[in-house]
Amino acid sequence: MEFSKKSEENLSEIYNPEYEEPEELNEYKEGSDEGLVNTLQILSWRNRYKNVPIPTMILDNSLKVIWFNSSFNQYFDSETERKFSHLTDYFSNLKDIEKLKNIYNSLTQDNSGYTWQGRVTSKNRRRRSDVANLMITPLDLNDDGTPHNFTGILDIITDEYREMLRNMFSSLLEASKLKDNDTGNHIERVNRYSKFIAEDLIDKIEYPEIDEDFIEDIGFLAAMHDVGKIGTPDDILNKSGSLEIWERDVMNEHTKNGAYILSTYPNPMAKQIALSHHEKWDGSGYPFGMANQMIPLCARIVALADVYDALRMKRSYKESFSHEKTKEIIVNLSGTHFDPDLIKCFQRNDEHFDKIFSDLTDEGKK
Ligand SMILES: [Fe+2]
Ligand SMILES: [Fe+2]
């Protein structure tokens, strides 16, 4: 790509191994790339922003980070190996080539003012994703008026972003509670069991998809598994006797309805849980009869959590089962209904399931 060829030439202009840092800047070596040629603009920018509480950086025109302030350094503290690397090493969503092209086009065009602003995300497996708005603007110019270096300023909006998603989710959950016949603390307990299983599996190499985001997300999205029951007619939902075949078919539609309702929710896990929490490991579940790893992991986890809790609960058609009896039923369904590996996790930790059930008991409720 033309981008990288051009950037190599520009890099050689910027680096000067003979350069010595002016005396007055020596106290602030922390985020400064050795060999960086300090133009007047760079020096003034560095002095002005070195200690401000907003993460700030200087980029060359290959988008390599060539200087950053103390706040930026603090923000990426645990990943020191990434110091002075390309912008894409800091922000995972910029690894998308189309997004990168878009940035490059914007920064090389006069009509966009050689600027770019947009959403960036950064994450690693042991840390939750951060979401930020990044604004890149020219710092100093070449003789032809094109930018030589850029400044980048990060506005971290993770908390606001998460709160917005949670608020969207809470209103939907409240609406679904009006219809759901699973009363009491069932959905909160399903959240807790699901989160517990994910936490137990995070260090296993078989589950690379489990990271801090997965754990946090399943811990509140599991509650959405039956949101599709909003669309199930009351006479079927509340029928006390056994369901006719056609009624069962209508009832089973709650999986697809849930997926439809959650299809625009930004986190795909919500939709996967709603759609696939009644699939079974051996392919005998619904709505699609998916089997084994074809069933999304989050849905396999929620299936186990949901059934454990349903067995423990008193229903109109059954008494509540003890933990021991529930455990026996669940373990017997390993490899047919449930993922055998998740059953091993359940067997290693079954007393935690019992504890979650007791801690969030429905005593006093229907
Ligand atoms: Fe369901
Ligand atoms: Fe449920």
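So, how was this worked out
Residues numbered from 1 in each chain as written. Chains lettered and ligands numbered in written order. Predicted model: local features only at pLDDT ≥ 70, side-chain atom pairs only at ≥ 80, totals over all residues. Helix = DSSP H or I, 4+ residues; strand = E, 2+ residues; numbered from the N terminus. Buried ≥ 20, exposed ≤ 12 C-beta atoms within 10 Å, placed from the backbone. Contact = placed C-beta atoms within 7 Å. Core = buried A, V, L, I, M, F, W, Y, C linked by C-beta atoms within 7 Å. Pairing = 2+ DSSP bridges. Axes fitted to C-alpha atoms, helices over the stretch in contact; angles between N-to-C directions. Parallel < 35°, antiparallel > 145°, perpendicular 65-115°, else oblique. Left-handed = near helix turned anticlockwise from the far one by under 90°. Nonpolar A, V, L, I, M, F, W, Y, C, P; charged D, E, K, R; others polar. pLDDT = per-residue confidence, 0-100.

1. Re the overall build of the chain
Stage number 1. Tallying secondary structure elements over the chain gives 15 helices and five strands in all.
Stage number 2. Out of the 366 residues belonging to the chain, those deemed buried represent 30%.
Stage number 3. Restricting to contacts in the chain with at least 6 residues of sequence separation, those with at least 24 account for 57%.

2. Focus: the nonpolar core
Stage number 1. If you look at the biggest cluster of nonpolar residues, it comprises 40 residues, and the most contacted ones within it are Ile273, Ile301 and Val302.
Stage number 2. When residues of this core are traced back to their parent elements, those giving at least two are helix 7 (186-201), helix 8 (212-221), helix 12 (268-276), helix 13 (297-312) and helix 15 (340-359).
Stage number 3. With sequence-adjacent residues up to four places away left out, Ile273 is seen in contact with Leu221, Ala222, Met224, His225, Cys298, Ala299 and Val302.
Stage number 4. In terms of nonpolar packing, the next biggest core, distinct from the first, is built from 24 residues, Ile58, Trp67, Ile136 and Phe150 among them.

3. So, the pairing of strand 5 (residues 147-156)
Stage number 1. Pairing of strand 1 (residues 56-60) with strand 5, which is carried by five bridges, proceeds in the antiparallel orientation. Residue pairing for strand 5: Met57 is matched across the bridge by Gly152.
Stage number 2. Here strand 4 (residues 127-141) folds back onto strand 5, and the loop between the two strands holds five residues, one of which, Gly145, carries a positive phi near 90°.

4. Observations regarding the packing of helix 11 (residues 254-261) against helix 12
Stage number 1. One way to put it is that helix 11 packs onto helix 12 with a least axis distance of 7 Å and a crossing angle of 170°. One way to sum up the angle between helix 11 and helix 12 is to call them roughly antiparallel. In contact with Thr255, Lys256, Gly258 and Ala259 of helix 11, helix 12 contributes Lys271, Ala274 and Leu275.

5. Here we look at unusual backbone geometry
Stage number 1. Cis geometry marks the peptide bond from Tyr286 to Pro287; its omega dihedral reads 10°.
Stage number 2. Residue position: Pro287 is located in the loop between helix 12 and helix 13.
Stage number 3. Its identity as a non-glycine residue notwithstanding, Tyr114 has a phi of 55°, on the positive side.
Stage number 4. Checked against the element boundaries, Tyr114 lands in the loop between helix 5 (97-107) and strand 3 (116-124).
Stage number 5. Within the chain, Asn292 stands out as a residue other than glycine whose phi angle is a positive 45°.
Stage number 6. Position of Asn292 among the secondary structure elements: in the loop between helix 12 and helix 13.
Stage number 7. When the 13 C-beta atoms within 10 Å are taken as the criterion, Asn292 is described as partly exposed.

6. Considering the pairing of strand 4
Stage number 1. Relative to strand 5, strand 4 is paired through nine bridges, and the arrangement is antiparallel. Paired with Leu134 across the bridge in strand 5 is Leu154.

7. Examining the packing of helix 13 against helix 14 (residues 323-332)
Stage number 1. Interaxial distance between helix 13 and helix 14 falls to 9 Å at its minimum, and their mutual angle equals 145°. As for the relative orientation of helix 13 and helix 14, their crossing is right-handed in sense. For the pair helix 13 and helix 14, the contacting residues are Val307, Tyr308, Leu311 and Arg312 in the first and Thr326, Ile329 and Ile330 in the second.
Stage number 2. Here the residues of the contact of helix 13 with helix 14 are counted per class, giving five nonpolar, one polar and one charged.

8. A word on the environment of His86
Stage number 1. Looking at where His86 falls in the secondary structure, it is placed in the loop between helix 3 (70-75) and helix 4 (87-90).
Stage number 2. Overall, the presence of 18 C-beta atoms within 10 Å leaves His86 in the partly exposed class.
Stage number 3. Each C-alpha atom, one on His86 and one on Lys64, is 4.1 Å from the other, the two residues being 22 residues apart in sequence.
Stage number 4. Apart from residues no more than four positions distant in its own chain, His86 is found in contact with Leu63 and Lys64.

9. Overview of the confidence of the model for the chain
Parts of the prediction with low pLDDT should not have their coordinates interpreted in detail.
Stage number 1. Looking at the chain as a whole, the pLDDT averages 85, with 85% of positions reaching at least 70.
Stage number 2. The low-confidence segment residues 1-31 (pLDDT under 50) makes 28 contacts with residues lying over four places distant or belonging to another chain.

10. Topic: the environment of His337
Stage number 1. Relative to the helices and strands, His337 is located in the loop between helix 14 and helix 15.
Stage number 2. Measuring from C-alpha to C-alpha, the distance between His337 and Glu279 comes to 8.0 Å, with 58 residues separating the pair along the chain.
Stage number 3. If we ignore the near neighbours within four places in the chain, the residues touching His337 are Lys280 and Trp281.

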